[in-house]
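Structural characterization, general
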Amino acid sequence: MGVFENLRAGQAYDIHDAAYLKEVHGEIDRSDALQFQINQTNPKQKQRILDLENRLLHGQMTDGTFFTPPMHIDTASRVFLGKNVYANHGLTMMAAGTITIDDGVMMGPEVGFFTVNHEPKNIRTILTKEIHIKRNAWIGARVSLLPGVTIGENAIVGTGAVVTKDIPDNAVAVGVPAKVVKTLD
């Protein structure tokens, strides 16, 4: 198993570990180079942006899936996308712990996914937990999703929320920390 799969399985890593540096920082460098090109491309050149996003995300930008630049995804190989997924500008993904986004998900501007955390007693040791967004969820502007959360099918997370716990299917959640305020019919 590689570093990313070990992280996904719950293994902690010292950020100076040789395997971590090679695998994770190699992917960060690859992702950064492609995103630099994406973020510098004229917005009218939609096909070029889509082609670069497909290189970044290994051909997953099909069937209506598109991210509006600018964006930053530190380890794009750890992002798994469904069909017809949309993210508005300012998307941030710290994805070393894996991010899975199912079909039909929409995200507003400046949404942040954070799968990585640090050991409190040794901040140079990282831990990750996977984030999963289920079908047709809607994530509002400037929402922060913290390690290990799952957003249920058809759920809505309101603008500015900080999601620290799972949100069930068909729920509307708002606030800091996010709390379910109603269930959709």
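Scroll up to find the structure this text is about.
Throughout what follows, the structure given in this document is the object of discussion. Everything quoted here is computed from the prediction, not taken from an experiment. (Residues numbered from 1 in each chain as written. Predicted model: local features only at pLDDT ≥ 70, side-chain atom pairs only at ≥ 80, totals over all residues. Heavy atoms only, no water.)

**A word on the overall build of the protein chain**
Within the protein chain one finds three helices and 19 strands. Over its C-alpha trace the protein chain gives a radius of gyration of 16 Å, about what one expects of a compact globule, namely 16 Å for 185 residues. The C-alpha extent of the protein chain, read off along each of the three principal axes, is 50 × 45 × 25 Å. For the protein chain, the residues scored as buried account for 43% of the 185 residues in total. Within the protein chain, contacts between residues at least 6 apart in sequence are counted, and of these 28% link residues at least 24 apart. In the form shown here, the protein chain has an accessible surface area of approximately 9,200 Å², with 54% of it arising from carbon and sulfur atoms. Of note, the protein chain has its 18 positive side-chain charges centred 4 Å away from the centre of its 20 negative side-chain charges. (Helix = DSSP H or I, 4+ residues; strand = E, 2+ residues; numbered from the N terminus. Rg over C-alpha atoms; globule rule 2.2 N^0.38 Å. Buried < 20%, exposed > 50% of the residue type's maximum accessible area, 1.4 Å probe, protein only. Contact = heavy atoms within 4.5 Å. Areas by Shrake-Rupley, 256 points an atom, 1.4 Å probe, with all protein chains shown as cover. Lys, Arg positive; Asp, Glu negative; His and termini not counted. Charge placed at Lys NZ, Arg CZ, Asp CG, Glu CD.)

**So, helix H3 (residues 46-56)**
Looking at H3, one finds that the buried residues are Ile49, Leu52, Glu53, Asn54 and Leu56. Tucked into the core, H3 has its buried residues touching helix H2 (18-40), strand E2 (66-67) and strand E3 (71-73). Histidine 58 lies just past H3 and shows a positive phi near 55 degrees.

**Structural notes on the nonpolar core**
Phe67, Ile101, Met107, Phe113, Ile133, Leu145 and Ile151 are the most contacted members of the largest nonpolar core, which totals 41 residues. Top element by residues in this core is H3. It accounts for three residues. Setting aside its immediate chain neighbours within four residues, phenylalanine 67 contacts Glu53, Leu57, Met61, Ile73, Leu81, Val85, Ala87, Leu91 and Met107. Tyr13, Tyr20, Val24 and Ile126 belong to the second-largest nonpolar core, a separate cluster that totals ten residues. (Core = buried A, V, L, I, M, F, W, Y, C linked by side-chain atoms within 4.5 Å.)

**Comments concerning the environment of alanine 171**
Structurally, alanine 171 can be placed in strand E18 (residues 171-174). Judged by its relative accessible area of 1%, alanine 171 falls in the buried class. Along the sequence, alanine 171 and lysine 182 sit eleven residues apart, while their C-alpha atoms lie 5.9 Å from each other.

**Observations concerning H2**
Here H2 contains 23 residues, and its C-alpha end-to-end distance of 32 Å stays within 8% of the 33 Å for a straight helix at 1.5 Å per residue. Restricting attention to buried positions, one finds in H2 the residues Tyr20, Val24, Glu27, Ile28, Ser31, Leu34, Gln35 and Ile38. Taken together, the buried residues of H2 touch helix H1 (3-8), strand E1 (13-14), H3, E3 and strand E11 (122-128). The opening residue of H2, the one whose side-chain oxygen lies 3.0 Å from the backbone nitrogen of alanine 19, is aspartate 17. (Expected span 1.5 Å × (residues − 1). Polar contact = N/O pair within 3.5 Å; in protein donor to acceptor, adjacent residues only side chain to side chain.)

**Considerations on the pairing of E18**
Each regular strand shows side chains that alternate between the opposite faces of the sheet. Bridge analysis of strand E16 (residues 156-157) against E18 gives two bridges, and the strand direction is parallel. Bridging across to E18, isoleucine 156 finds its partner in valine 172. The sheet contact formed by E18 and strand E19 (residues 179-183) spans four bridges and is antiparallel. Directly across from valine 172, in E19, lies its bridge partner lysine 182. (Pairing = 2+ DSSP bridges.)

**What about the pattern of salt bridges?**
Under the defined criterion, the tally for this structure stands at five salt bridges. Put simply, glutamate 5 and arginine 78 hold a salt bridge, and the shortest N to O gap is 3.0 Å. Within this pair, whereas glutamate 5 is found in helix H1, its partner arginine 78 is found in the loop between E3 and strand E4 (79-81), the two being separated by 73 residues in sequence. The salt bridge partner of arginine 8 is glutamate 130, with a shortest N-O separation of 3.0 Å. On the criterion of sequence distance, the pair formed by arginine 8 in helix H1 and glutamate 130 in the loop between E11 and strand E12 (131-133) is long-range, its members being 122 residues apart. (Salt bridge = Lys/Arg side-chain N within 4 Å of Asp/Glu carboxyl O.)

**Thoughts on the sheet that holds E18**
A sheet is described by the order of its strands in space; here seven strands give the open sequence E2-E5-E8-E13-E16-E18-E19, paired in mixed fashion. Bordering the open sheet on either side are E2 and E19, each of which pairs with just one other strand. Direction of pairing for strand E5 (residues 86-87) relative to strand E8 (residues 106-107): parallel, over a ladder of two bridges. If you follow alanine 87 over to E8, its bridge partner there is methionine 107.

Read these as layout, nothing more, since geometry by itself doesn't imply function.
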